[in-house]
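Secondary and tertiary structure notes
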Amino acid sequence: MDLASVEQEEDTQKGKFLTFQIGNETYGIEIRFVTEIIGLQPITEVPELPEYIKGIINLRGKIIPVMDVRLRFGKPFREYNDRTCVVVVDCGNLAVGLIVDSVAEVLTIADEDIVPPPDVSRGRNKYIKGIGKVAGEVKLLLDCNRLLLEDMIEELAQL
C-alpha cells in the first residue's frame, strides 16, 4: 500500500468508533485499531496471567491473547452468551482480543463532540481517552494503548 492510499484510509477512518456494551455503558474504540470482530472462540488458559487475561485463542493459525474488558475495568464477571463478542484490535503491534458483552455499531463522532474525561476519573480510570456526545447519549472512548500496560504487552507478545 502506498503512502497516498494509507493517508486516504486514515482519513476515511478519522472520527469513527466501534461501539460496544459492557454492562449498561457504551464504550467506543477508534476503528483504526480494530482488525475484526469474531464470536467467542475456545480459550486456552495460560497460568500466571492477570485474571482479566482469559488466555489465548487460535485465530486462523495465529495465537492471540484475549482480555475480558469487563474484568479489566473492575466489573464482576458475567457468563458469556451468544451476544458476547471478541473485538480483535492491534494494540502496540500486538493483536489482542477484547471480550465484550456485545458490539453495537460504528459511529462517527466529530472532534468537537468529544470532551476530556472529568478530573474525578483521571487518576482511577486511565483507559478513558475522551467522552463522545452522540444524540444526547454518552460514549466512553477508550485509549487502546492504555488497555495494556507496556510490560504486559511484552509478556503477551511472548505467548
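For the structure itself, look to the data block above.
Here, residues in each chain are numbered from 1, in the same order as that chain's written sequence. Per-residue local features are limited, in this predicted model, to residues with pLDDT of at least 70; the limit for side-chain atom pairs, both in listing and counting, is 80 or more; totals at the level of whole chains, interfaces and linings are taken over all residues. Side-chain measures were taken over the full set of non-hydrogen atoms in the model, leaving aside hydrogen atoms and water.

Next up on the list: the sheet that holds strand 3 (residues 34-39). Across the sheet, which stays open at both edges, the five strands sit in the order 3-6-7-5-4 with mixed pairing between neighbours. At either margin of the open sheet sits one strand with a lone partner, and together these are strand 3 and strand 4 (53-59). The mean angle between the axes of side-by-side strands here comes to 30 degrees, regardless of whether they run parallel or antiparallel. Only when DSSP finds a minimum of two bridges between them are two strands counted as paired. Going along the chain from the N terminus, every DSSP run of H or I of four or more residues is numbered as a helix, and every run of E of two or more is numbered as a strand. Examined bridge by bridge, strand 6 (residues 85-91) and strand 7 (residues 94-100) share seven bridges and lie antiparallel to one another. Lines fitted to C-alpha atoms define the axes here, with helix axes fitted over just the stretch in contact, and angles between the N-to-C directions of these axes take values from 0 to 180 degrees.

To continue, consider the sheet that holds strand 2 (residues 25-30). The six strands lie next to each other as 8-1-2-11-10-9, forming an open sheet whose pairing is mixed. With one partner strand each, in any of the chains shown, strand 8 (102-108) and strand 9 (114-115) form the two edges of the open sheet.

Attention shifts here to the nonpolar core. The definition of a nonpolar core used throughout is a set of buried Ala, Val, Leu, Ile, Met, Phe, Trp, Tyr and Cys residues joined through side-chain atoms within 4.5 Å. Throughout this description, buried means an accessible area under 20% of the type-specific maximum (1.4 Å probe, protein chains only), exposed means over 50%, and partly exposed covers the range between. Core analysis: the biggest nonpolar cluster contains 31 residues, and Ile 29, Val 89 and Leu 98 have the highest contact counts within it. Only strand 1 (16-22), strand 2, helix 2 (69-72), strand 6, strand 7, strand 10 (128-134), strand 11 (137-142) and helix 4 (144-147) provide two or more residues apiece to this core. Those residues within four positions of Ile 29 in sequence are excluded, and the remaining contacts are Lys 16, Phe 17, Leu 18, Phe 20, Val 34, Val 89, Leu 98, Cys 144 and Leu 147. Residues Ile 38, Val 66, Val 86 and Ile 99 belong to the second largest nonpolar core, which totals nine residues. Should any heavy atoms of two residues lie within 4.5 Å, those residues are counted as being in contact.

Now for unusual backbone geometry. Its identity as a non-glycine residue notwithstanding, Arg 60 has a phi of 50 degrees, on the positive side. Here Arg 60 is to be found in the loop between strand 4 and strand 5 (62-68). Arg 60 sits in the exposed class, given a relative accessible area of 65%. Backbone geometry places Ala 135, a non-glycine residue, at a positive phi of 45 degrees. Of the residues examined, Ala 135 reaches a relative accessible area of 79% and is grouped as exposed.

In short, geometric facts, not functional conclusions.
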